[in-house]
Amino acid sequence: MGDQRFLIRKAAVLGAGVMGAQIAAHLVNANIETLLFELPGDAKNPNANVIKAVEKLKKQEPAPLSSKTRATFIQPANYDQNLELLKECDLVIEAIAERMDWKRDLYVKVAPFLGEHTIFASNTSGLSINRLAEAFPEALRHRFCGIHFFNPPRYMHLVELIPCQVSDAEMLDHLEEFLVTMLGKGVIRAKDTPNFIANRIGVFSLLATMHHGRAFDFGFDLVDALTGTLIGRPKSATFRTADVVGLDTLAHVINTMRDNLPDDPWHVYFTVPDWLQGLIQDGALGEKVKRGVYQKINNEIHVFDLPTHAYRLAEAEANEDLKQLLKYSNPPEKFAALRHSSEPQAQFLWCIFRDLFHYCAVQLEAIAANARDLDLAVRWGFGWNQGPFEIWQAAGWKQITGWIQEDIAAGKTMSQTPLPSWIMDIADGLTETVHTPQGSFAPVTGKMQPRSQLPVYQRQLFPDRLIGEDAVYGETIFETDAVRLWHTGDQIAILSFKSKMHTIGIDVLEGVQHAIQEAERHWRALVIWQTEPPFSAGANLQKATERPKSAAQHGSAPAAPSKPSPLQSFLRKFKKSAQATVLQVARELDLADALMAKKLAEVDGMIKVFQQTSQALRYSMIPTVAAVDGLALGGGCEFVMHCDRAVATLESYIGLVETGVGLLPAGGGCKEFAMRAAQNTIDGDPFPQLKHYFQTVAMAELAKSAEQAKEFGYLRPADIIVMHRFELLYVAKAQALALAERGYRPPLRTREIPVAGDAGIATIESQLVNLREGGFISEHDFLIGNKVAHVMCGGDLTPGSLVDEDWFLELERAAFMELIATEKTQARIEYTLKTGKPLRN
């Protein structure tokens, strides 16, 4: 990355449409100065089109920007006045409409303005990279390639990198390193074939599903009920995914396959169905216009009904027998049951899997270097739990192959093309299966192809693995039913939780304390990192007195007065915030059993241990680093706040969300915010900063990115944000070692913390009273807010009084226990656990 020709300091995106604007957003998320070009607006404001697109980014959900403030770093530009600015750019990404003629015309226009070492790439979803390259002067073509982001670019892991015939190999390697580390992407090198890898396979799967759904006379809602989470795919399944993508976009991709793959054995199916064309002509383009295959009518989801060509209530579900079948833990048994079932829903699923396997087998050699690239492209681009070859391998290669052959012979498949010989060789045991620890099958060579050896991948200590690849997480230092402390052969100890959702019970707390003691004796630093997200879903008070009988492995993946103050906006947003977080919090805390058994004394004891553990992380004799990915809620957030350093992926969702179920943070979270407010006092008064932190806690604010977590105060300015989740442990260990190398000493205990005191409490309470009297909050909401204010302001003391950390911890614990003892907090928790809905009582 040190080669000056390939350093990317500044980028430009050509095209401010849906994809172009979001690509620009993600570039500024990664601190890349970015120009966004579009056709000029009116004479008064030539950049009006770009400005409109950037304003839309601020309102979009899910948010393309890691923080709305990032929008100011996107520089508007237009093709008439600003092409000279391209000379300053190291990377230019074209993202205009999928028209070959428009793209080629644009290339001719901008080529004279590119810098000497500028990399120029197209974000085309499937047009020929080599044909596009022809529009460039021959001397520039070696700096041209395809970079295909998936929608939405911030969240979808996949980027396909497609060279043209003369793309510079060294440029491609450096570009891949940039995309991986700087933008956090999973890069797959694709061949220049129509729709590349992920769209080629994903769209074929969608077409096969449409075909068989029609053959079985299933409604679109039933097809979606069958092809979503039940089979390891996103909840959006088939037709909801089509709406998200855009029905017009989907039709374009299908037509690209039809026009450019005339020799594909499945070509007859590359046709836009009449009903889909009809919806497009009627303007029903999907989610972007709020109407497509689905439409929300009176807060209910309706689906387009093919027989009547009208919308009806979407209510179809998979039958219970099929649901039970799909729960089989043994994949060969599951697929055998699907294959031999006479039940139409099971037959339908066998058909779509069979034709997907068949197509992937025949097309692999043409579109991808190896089976790993195809599987990861589909997983990362479409959100499947496993790729097609992974599913096939898990289900039993030989039996699946035999059944496909039988169906080909019987004329049941969409194409009668025979399976390639390498498929048969694997089935006959002549070669290994497709995925092994040594690599994945490459049909061109007939051998296993190992993973890329580019230096950037040495940063991924434990990359996204496939079936057949072993997961060996270092050497164990000690292990209990709740935690494991281990290392990778260096001087850093790594602690991982084993509880479901990595919740924190008394067993985990004891494990953390043990790990700190062990690390202080024999290791230079301690990193808390989980082998799978989330970091931690918070405290598990059900475990206050229990000990687990066996290890629990993680199984997966929330009108005010006329001039409202920031505090008053708490109420406007309280209900919405609660709905987003209360169910998650209640499940994490799992309080029902403890409350029903009246084990409040045990809960009090656990809170004390929790506070002791948080303080042990803060004052240990070795540096502690929290490596955060995914959720870090409640107690998990408090652990993050107490470590010497946090290293968090951009997609970390961090928050103290206890008020959603009628509680408050009591593992040191309130204390931490009080201390941080005191450290940033204005004229010795912590209250101006404390108001911001109070709002964060009282509203149960959940940061929707690590960047936003810094704005809320959960992360500190010195904490590190990484873009790639599989580089998280590498960076966290480097941070831990850096802290150790400088001659680490824990911070001195703070014994003189100025408090906002009774004046601060009174200010907040007066606003709460107004809101209660106005009917905006309930009496219990008032009590919760008052307790939070009491703790964070340091209690009924004179403003400026000096207290120590233990003072705040005692206030936290006392307020928590007072709230948990109230009938209304208990009712909130139990109601939410039973119904999945928040209770405002």
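Residues numbered from 1 in each chain as written. Predicted model: local features only at pLDDT ≥ 70, side-chain atom pairs only at ≥ 80, totals over all residues. Heavy atoms only, no water.

On to empty space enclosed by the protein, then. In this structure, the second largest cavity encloses a volume near 40 Å³. Across the lining of the second largest cavity, the residue classes tally to five nonpolar, one polar and one charged. (1 Å grid on protein atoms, 1.4 Å probe; cavity = no way out; pocket = protein on both sides within 12 Å on 5 of 7 lines; lining within 4 Å. Points joined across faces, edges and corners; volume = space filled by probe spheres on them. Nonpolar A, V, L, I, M, F, W, Y, C, P; charged D, E, K, R; others polar.)

Quick look at helix H28 (residues 779-792) now. When the terminal C-alpha atoms of H28 are compared, their 20 Å separation across 14 residues agrees well with the 20 Å that a helix rising 1.5 Å per residue should span. In terms of burial, H28 is largely enclosed, as 10 of its 14 residues are buried. What H28 keeps buried is the set His-780, Asp-781, Phe-782, Ile-784, Gly-785, Asn-786, Val-788, Ala-789, Val-791 and Met-792. One or two residues past the end of H28 sits Gly-794, with phi positive at roughly 85°. (Helix = DSSP H or I, 4+ residues; strand = E, 2+ residues; numbered from the N terminus. Expected span 1.5 Å × (residues − 1). Buried < 20%, exposed > 50% of the residue type's maximum accessible area, 1.4 Å probe, protein only.)

Where helix H23 (residues 669-679) contacts helix H29 (residues 805-820), the two axes come as close as 8 Å, and the packing angle between them is 140°. Our classification of the angle between H23 and H29 gives oblique. Pair H23 / H29 crosses with right-handed handedness. When H23 is examined against H29, the residues Gly-669, Cys-670, Lys-671, Ala-674 and Met-675 are found in contact with a partner set consisting of Glu-805, Phe-808, Leu-809 and Glu-812. Tallied by class, residues from the contact of H23 with H29 come to five nonpolar, one polar and three charged. (Axes fitted to C-alpha atoms, helices over the stretch in contact; angles between N-to-C directions. Parallel < 35°, antiparallel > 145°, perpendicular 65-115°, else oblique. Left-handed = near helix turned anticlockwise from the far one by under 90°. Contact = heavy atoms within 4.5 Å.)

Turning to the side chain of His-302, a few remarks are in order. By secondary structure assignment, the location of His-302 is in strand E10 (residues 300-305). For His-302, a relative accessible area of 13% corresponds to the buried category. Only 3.3 Å separates the side chain of His-302 from the backbone oxygen of Glu-300, close enough to count as a polar contact. With residues up to four places along the chain from it excluded, the contact list for His-302 reads Val-293, Tyr-294, Gln-295, Ile-297, Tyr-311, Arg-312, Leu-313 and Ala-314. (Polar contact = N/O pair within 3.5 Å; in protein donor to acceptor, adjacent residues only side chain to side chain.)

Let us look at the sheet that holds strand E19 (residues 624-633). Spatially, the seven strands line up as an open sheet ordered E15-E16-E17-E18-E19-E20-E21, and their pairing is mixed. The sheet terminates laterally at strand E15 (475-479) and strand E21 (720-722), the two strands that pair on one side only. Averaged over all neighbouring strand pairs, the angle between strand axes comes to 25°, with direction disregarded. Relative to strand E16 (residues 483-487), E15 runs antiparallel, the two sharing four bridges. Bridged to Phe-478 within E16 is Leu-485. (Pairing = 2+ DSSP bridges.)

The interhelical angle for the contact between helix H6 (residues 198-215) and helix H13 (residues 344-367), taken along N-to-C directions, is 150°, at an axis separation of 9 Å. Taken as axis vectors, H6 and H13 run roughly antiparallel relative to one another. Crossing handedness for the pair H6 and H13: right-handed. Residues Arg-200, Ile-201, Phe-204, Ser-205, Ala-208, Thr-209, His-212 and Gly-213 of H6 lie in contact with H13, whose contacting residues are Phe-348, Cys-351, Ile-352, Arg-354, Asp-355, Leu-356, Tyr-359, Cys-360, Gln-363 and Ile-367. Residues that form the contact of H6 with H13 fall into these classes: 10 nonpolar, five polar and three charged.

The final tally for this structure, using the stated rule, is 46 salt bridges. Residue Lys-323 is joined to Glu-320 by a salt bridge in which the shortest nitrogen-to-oxygen separation is 3.4 Å. A residue pair is termed a helical-turn pair when its members lie 3 or 4 positions apart in one helix, as Lys-323 and Glu-320 do in helix H11 (residues 320-325) at three residues. For Lys-323, a relative accessible area of 22% puts it in the partly exposed group. On the basis of relative accessibility, which here comes to 48%, the residue Glu-320 falls in the partly exposed class. One salt bridge connects Glu-469 with Arg-451, and the closest N-O pair in it is separated by 2.8 Å. Of this pair, Glu-469 sits in the loop between strand E14 (447-449) and E15 while Arg-451 sits in the loop between E14 and E15, and the two are 18 residues apart along the sequence. What makes Glu-469 buried here is its relative accessible area of 15%. Given a relative accessible area of 25%, Arg-451 falls into the partly exposed group. One connected set of salt bridges, linked through shared partners, spans Arg-339, Arg-354, Asp-355, Glu-406 and Asp-407. (Salt bridge = Lys/Arg side-chain N within 4 Å of Asp/Glu carboxyl O.)

Take the environment of Arg-214 next. By the element assignment, Arg-214 lies in helix H6. Judged by relative accessible area, Arg-214 falls into the exposed class, the value being 57%. A C-alpha to C-alpha distance of 51 Å links Arg-214 and Phe-6, two positions 208 residues apart in sequence. In this structure, Arg-214 is in contact with Trp-275 and Leu-306, ignoring residues within four places of it in sequence.

Time to look at the pairing of strand E7 (residues 158-163). With respect to burial, E7 is a largely interior element, five of its six residues being buried. Examined bridge by bridge, strand E6 (residues 144-149) and E7 share five bridges and lie antiparallel to one another. Among the inter-strand pairings, Gly-146 is bridged to a residue of E7, identified as Ile-162. Both E7 and strand E8 (residues 186-189) contribute to a ladder of four bridges, which runs parallel. Its bridge partner being in E8, Leu-161 is matched across the sheet by Arg-189. In this region the chain leaves E7, passes through helix H5 (residues 169-182) and returns to the parallel neighbour E8; the handedness of that crossover is right-handed. (Right-handed = clockwise from strand over helix to strand, strands pointing away.)

Here Trp-384 is to be found in the loop between helix H14 (371-382) and helix H15 (388-394). The residues touching Trp-384, leaving out its near neighbours within four places in the chain, are Ser-205, Gly-232, Arg-233, Pro-234, Leu-356, Val-378 and Arg-379.

Moving on, we come to the side chain of Glu-672. Tracing the backbone through its elements, the reader meets Glu-672 in helix H23. Each residue touching Glu-672, except ones within four places of it in the same chain, is listed here: Arg-618, Met-641 and His-642.

Glancing now at helix H27 (residues 757-773). Between its first and last C-alpha atoms H27 spans 24 Å; for 17 residues at 1.5 Å apiece the expected length is 24 Å, and the two agree. Those residues of H27 not exposed but buried are Gly-757, Gly-760, Ile-761, Ile-764, Gln-767, Leu-768 and Leu-771. Summarising the axial view, the buried residues of H27 lie within an arc of 135°, below the 170-degree limit, and thus occupy one face. One or two steps after H27, the chain reaches Gly-775, where phi turns positive at roughly 80°. (Arc of directions from axis to C-beta.)

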